[in-house]
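Close look at the chain arrangement
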Amino acid sequence: MTDPEEIRISDADREAAAQRLHAALGEGRITLVELEERLGVVYAARTAGELRPPLADLPGASPVAAGPARPVGDGTPLSLRTGAGTLRRAGDWHVPAALRLTTGMGTIHLDLSEVRDLPQRIDVEIATGMGEIVIVLPAGGTADVNGVAGSWGEIRTKVPGTAGPGPHLTVHGKVGMGSLTVRGARTGWWKQMMG
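Residues numbered from 1 in each chain as written. Predicted model: local features only at pLDDT ≥ 70, side-chain atom pairs only at ≥ 80, totals over all residues. Heavy atoms only, no water.

Looking at the environment of Ser-151
Along the chain, Ser-151 turns up in the loop between strand E7 (142–150) and strand E8 (154–157). Along the primary structure Ser-151 and Gly-178 are separated by 27 residues, whereas in three dimensions their C-alpha atoms are 9.3 Å apart. (Helix = DSSP H or I, 4+ residues; strand = E, 2+ residues; numbered from the N terminus.)

Laid out in structure tokens, this is it:
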């Protein structure tokens, strides 16, 4: 019989553990330095036993999700995360109807302006420590950011908040000491100057 501690974990298990750590930061239970250290352990974990130590001293933390992992494409969010680095997506890339974006001190920059098969409605869950998330929408894109909680961070939106004929984002989650920016694509000379 397989030892439960040796059972392989899924990306969903790692993501659940990371979300618990971000919540612990927001609750004042751990520091930003501890968050970064623990996230490193979480994202490197392969088994249930390796996933337990970074959560062991936190209340209500069950690191392993019940049931098998589901592949992206069946409603499971595409999880993109970075600790202190930069993650960029641009051009014509696959964007599912749900995204989960997590950054500690890094930057996540998602450009949706050239995606040809963009869902009409996209649910976006975010969690930042001191990091930055930038989402660029195509012309006519809208975003409701009312579900985002910010303590010391900054939430900026430069697109309408009410759904229109273009793609619409519903963004929720938490901005710690970082920032969230949702804007439209740059055009003409501005795009040439700023990229």
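Considerations on the sheet that holds E7
Taken in spatial order, the five strands line up as E1-E3-E5-E9-E7 in an open sheet, and their pairing is parallel. Of all strands in the sheet, those with a lone pairing partner are strand E1 (78–82) and E7, marking the two edges. Here the average twist between neighbouring strands, direction ignored, is 15°. Relative to strand E9 (residues 168–175), strand E5 (residues 121–128) is paired through eight bridges, and the arrangement is parallel. The partner of Thr-128 across the bridge, within E9, is Val-175. Across the face of the sheet, helix H1 (residues 11–27) comes into contact with E1, strand E3 (98–103), E5 and E9 while running at roughly 55° to E3. (Pairing = 2+ DSSP bridges. Axes fitted to C-alpha atoms, helices over the stretch in contact; angles between N-to-C directions. Contact = heavy atoms within 4.5 Å.)

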